[in-house]
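# Observations on the model geometry
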Amino acid sequence: MKHFIEKYFSQLLLTAVLLILVIVLSCKTPYFFTWANCYNILDQTSIDIILALGMAFVISSGGIDLSIGSTMAFSGIVMAFAMKAGIPVWGSLAMGLPVGILVGACNGLLITGLNLSPLVITLGFMSIGRGMALILTKSSPIFGFPNTFKFLGSGHIGPINFPILLAAILVVISWVLLNMTKWGYYALALGGNDEAVRRAGVSVWQYRTSIYIFCGLLAAIAGMITIARLNSADPLAGWMVETDAIAAVVLGGASLNGGKGSIAGTVLACLVLGTLDNGLILLAIPSYYQKLLCGIVIILALVFTELRNRKESISVS
Amino acid sequence: MAEAEKKLFLQVRNLKKSYGHVEALRGVDLDVYTGEILAVVGDNGAGKSTLIKSLAGALVPDSGKIIVEGQTYEQLNPRQALDLGISTVYQDLSLVNCRDIATNVFLGREPLKYRLFIDKKKMVQDSIALFNQLKIHIPSIHALVGRLSGGQRQGVAVARAIKFGGKLLIFDEPTAAMGIQETAATLSLIKSLGKQGYAVIIISHNLHQVFSLAQRICIIRQGLVVDTVSTADITPNQVVSMITGAAQVPS
Ligand SMILES: Nc1ncnc2c1ncn2[C@@H]1O[C@H](COP(=O)(O)OP(=O)(O)OP(=O)(O)O)[C@@H](O)[C@H]1O
Ligand SMILES: [Mg+2]
């Protein structure tokens, strides 16, 4: 039992926080606990979850990716241009999604090939991606897409919509990848001791690069959903989403030093942040307070998590 | 062991390696035979770990040759070395502290089911059997390696090298942090490996250990081999003076 609590501490804590939030908000406003509102939260959170999943692998492997927000915008705009040029939806996706793969590959190859800090490289691609998006659009959004494409942003499948379904599928895939495949094992091992992984005969650069590619691809998928939902490709889409994704991953029990990471924790953290956002709107707290409060919650939780990690990392890092 | 039974497994010729201005290896020659335990001794900083890391493919030497079963290599990478049958217990153990014991034992060689998913059950079972066989005591196979004591960690590194065996097993100070019992178990294990026909290299500062285990001793001093002699032909005191440079014994 003690072992269980210790192992799943972050997940249990987040579940408790989520329950408390739900109870408190349900008492405050009856509307909160209706299907319409829960659906709303899931819908809003689905993009954050998709982004955070990629970030979970990157952070577990001891890296960081600051470029996901601009990759989102950049790949979305490539899709938008393709559709505007009359290319069918599948063709446009086949052009836009590889943008994420390409940015991820550049990130990974530069980081491993030149042994440079992921912070610096992905910060660079954060600016490059945003710059490309602004240059291509001359800084004004592109709108009006075919209905088949808009389905990807808000189309209903039974009681849920496509983004929620896609996020759920990606959560399952990510969980399996992290916990049951060599790829996930090596991601965590790389974050713990990449020299040990290299000496075990594993090609470190291939695994590291593929992790950034995965993260980039998920960012492009998030970009696709965003523009399909808004029916508009904004060069400023995904502004600052990387901070939310990083926060969710760390709240979910990962260590920024690498070697630790949890898919369940990451998803729970996204749900907590999403519910908090939603609750503040329902309580009619002005939006500028929302950002402030969210920031404080994130800092408190991060400090708490990091302190806990540090206490442990005397022996485990 | 009679000369005729020995088969040359690995040769090192004129191996050199510098870290910036520090010349760690200045032209090392070494012969390693199957079925023989070779001890490498020398003071701190003599270049022992640098030498065996070159054999394990963990680092790239500046020049020289490594000849494995007749095949000449300028350098090896870890994958090649493992495929040639060279397993190593590194001095720093090369473990991932934030992962559990079984995961560390199988790092890089995870068994798969359906060709995609890691067979964790098999990893755990095999690890438990391995630790029982080696008489290495660990709290739980699921414990994180970072939570283990120094000696237990060495046990994990030794277990990993034994598990995937190969032809040459290299131990860089494998018992430095171990207790009396664990040391005895590990040493008798290493001894039996030599008898089973493995080539073994052991690095140790404990000359008593070296004399009871090894058939030959290679003495390294400041990046050069002072001499490689049969343990039968030399006394511990002579070895000490060769390590410290007080005496130069002609070969
Ligand atoms: N990564 C490194 N960078 C710079 N210098 C190094 C490095 N590794 C080893 N050295 C230097 O190379 C020399 C040989 O080191 P090595 O680790 O091979 O010695 P050793 O014989 O294994 O010593 P010990 O008995 O202390 O383990 C030392 O002078 C050491 O300072
Ligand atoms: Mg050493």
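Below or above, wherever it landed, is the structure these notes cover. A quick note: this is a predicted structure, and the numbers were derived from the prediction, not measured. (Residues numbered from 1 in each chain as written. Chains lettered and ligands numbered in written order. Predicted model: local features only at pLDDT ≥ 70, side-chain atom pairs only at ≥ 80, totals over all residues. Heavy atoms only, no water.)

## Details of the overall build of chain B
Selection rule: The way it works is that DSSP assigns letters per residue, a run of H or I at least four long becomes a helix, a run of E at least two long becomes a strand, and they are numbered from the N terminus. Only protein chains enter the accessibility calculation, which uses a 1.4 Å probe; a residue whose area is less than 20% of its type maximum is buried, one above 50% is exposed, and one in between is partly exposed. Between two residues, a contact is recorded if the distance between any of their heavy atoms is within 4.5 Å. What sets the accessible areas is the Shrake-Rupley method with a 1.4 Å probe; for residues, cover comes only from the shown protein chains. Only four residue types enter the tally: Lys and Arg on the positive side, Asp and Glu on the negative side, with His and both chain ends excluded. In this description, the location of a charge corresponds to atom NZ of lysine, CZ of arginine, CG of aspartate or CD of glutamate.
Scanning chain B from terminus to terminus reveals eight helices and 12 strands. Along the three orthogonal principal directions, the C-alpha set of chain B runs to about 55 × 40 × 40 Å. Evaluated residue by residue, chain B yields a buried proportion of 55% over its 251 residues. Counting contacts in chain B only where the partners sit at least 6 residues apart, residues at least 24 apart contribute 63% of the total. Summed over its atoms, the accessible surface of chain B is roughly 11100 Å², and 49% of this surface lies on carbon and sulfur atoms. Side chains of chain B carry 27 positive and 21 negative charges; the gap between the two charge centres is 7 Å.

## What about the site of ligand 1?
Residue and element names in this part refer to chain B. For the record, the criterion: We call a residue near a molecule or strand when any one of its heavy atoms sits within 4 Å of it. Polar contacts here mean pairs of N or O atoms no more than 3.5 Å apart (in protein, one a potential hydrogen donor and the other a potential acceptor; neighbouring residues in sequence count only if both atoms are side-chain atoms). Asp, Glu, Lys and Arg are counted as charged, while Ala, Val, Leu, Ile, Met, Phe, Trp, Tyr, Cys and Pro are counted as nonpolar; the rest, among them Gly, fall into the polar class.
Around ligand 1 lies a shell of 14 residues, among which Asn44, Gly45, Lys48, Ser49 and Thr50 are the nearest. One of the backbone N or O atoms of Ala46 is found 3.2 Å from an oxygen atom in ligand 1. At a separation of 2.9 Å, an oxygen atom of ligand 1 approaches a polar backbone atom of Gly47. Isolated, ligand 1 exposes 630 Å² of accessible area, and the fraction of that covered by the protein chains is 62%. At the level of secondary structure, the elements contributing two or more residues to the shell around ligand 1 comprise strand 2 (22-34) and helix 1 (48-56). Looking at the shell around ligand 1, the element that brings in the most residues is helix 1, giving three residues. The class makeup of the residues in the shell around ligand 1 is four nonpolar, seven polar and three charged.

## Focus: the packing of helix 11 (residues 241-251) of chain A against helix 12 (residues 263-282) of chain A
All names here are of chain A. For clarity, the threshold we go by: Note on definitions: angles span 0 to 180 degrees between N-to-C directions of axes, and those axes are lines fitted to C-alpha atoms, for helices only across the stretch in contact. In these notes the angle categories are as follows: under 35 degrees is roughly parallel, over 145 is roughly antiparallel, 65 to 115 is roughly perpendicular, and the rest is oblique. Less than a right angle of anticlockwise turn of the near helix away from the far helix marks a crossing as left-handed, whereas a clockwise turn marks it as right-handed.
Between helix 11 and helix 12, whose axes approach to 7 Å, the crossing angle comes to 120 degrees. Relative to helix 12, helix 11 is oriented oblique. In this structure, helix 11 crosses over helix 12, and the sense of that crossing is right-handed. Contacts between helix 11 and helix 12 involve Asp244, Ala248, Val249 and Leu251 from the former and Thr266, Ala269, Cys270 and Leu273 from the latter. Among the residues forming the contact of helix 11 with helix 12, the class breakdown is six nonpolar, one polar and one charged.

## Description of the pairing of strand 11 (residues 216-221) of chain B
All names here are of chain B. Put simply, the test is: Criterion used throughout: strands pair if DSSP finds at least two bridges between them.
Burial of strand 11 is extensive: five of the six residues sit out of reach of the surface. Bridging between strand 3 (residues 37-41) and strand 11 involves four bridges; their strand directions are parallel. Bridged to Ala39 within strand 11 is Ile217.

## Concerning the interface of chain B and chain A
What counts is decided by this rule: Accessible area that two parts lose when put together, with a 1.4 Å probe and added across both, is what the buried area reports. The working definition used for a salt bridge is a side-chain nitrogen of Lys or Arg within 4 Å of a carboxyl oxygen of Asp or Glu.
With 28 residues of chain B at the interface, the matching set in chain A holds 24 residues. Of the roughly 2300 Å² buried where chain B meets chain A, counting both sides, 57% is carbon and sulfur surface. Its largest share of buried area at the contact with chain A, chain B owes to Cys98(B), Arg99(B) and Arg147(B), together 22% of the area lost on that side. Put simply, chain B and chain A have one salt bridge between them. Here chain B is connected to chain A by seven residue pairs in polar contact (both at pLDDT 80 or more). When residues of the side of chain B that touches chain A are assigned to their parent elements, the largest contribution, three residues, is made by helix 2 (residues 78-83) of chain B. For the side of chain B that touches chain A, the residue count by class is 14 nonpolar, six polar and eight charged.

## A short note on the side chain of Gln11(B)
Residues and elements named next belong to chain B. As for its position among the elements, Gln11 is in strand 1 (residues 7-19). For Gln11, a relative accessible area of 19% corresponds to the buried category. Filtering out sequence-adjacent residues up to four positions away, Gln11 remains in contact with Leu30, Asp31, Lys65, Ile66 and Ile67.

## Re the coordination of the magnesium ion (ligand 2)
Residue and element names in this part refer to chain B. In plain terms, the rule: Shown as donors are all N, O and S atoms within 2.8 Å of a metal ion, widened to 3.2 Å for Na, K and Ca; because water is not in the atom set, sites may appear incomplete.
Of the protein atoms, only Ser49 (OG) and Gln91 (OE1) coordinate the magnesium ion (ligand 2), at distances of 1.9 to 2.1 Å. With a gap of 42 residues between them, Ser49 in helix 1 and Gln91 in the loop between strand 6 (86-89) and helix 3 (101-105) connect regions that are remote in the sequence. Given a relative accessible area of 17%, Ser49 falls into the buried group. Note on Gln91: relative accessible area 41%, which makes it partly exposed.

## Considerations on the sheet that holds strand 10 (residues 199-203) of chain B
Residue and element names in this part refer to chain B. Read across the open sheet, the six strands follow the order 6-9-10-3-11-12; overall the sheet is mixed. Two strands lie at the open edges of the sheet, namely strand 6 and strand 12 (224-230), each paired on one side alone. On average, each strand axis in the sheet is tilted by 15 degrees relative to the strand beside it, whichever way the strands run. Packing against the sheet, helix 5 (residues 150-163) makes contact with strand 6 and strand 9 (168-172), and its axis sits at approximately 175 degrees to strand 6.

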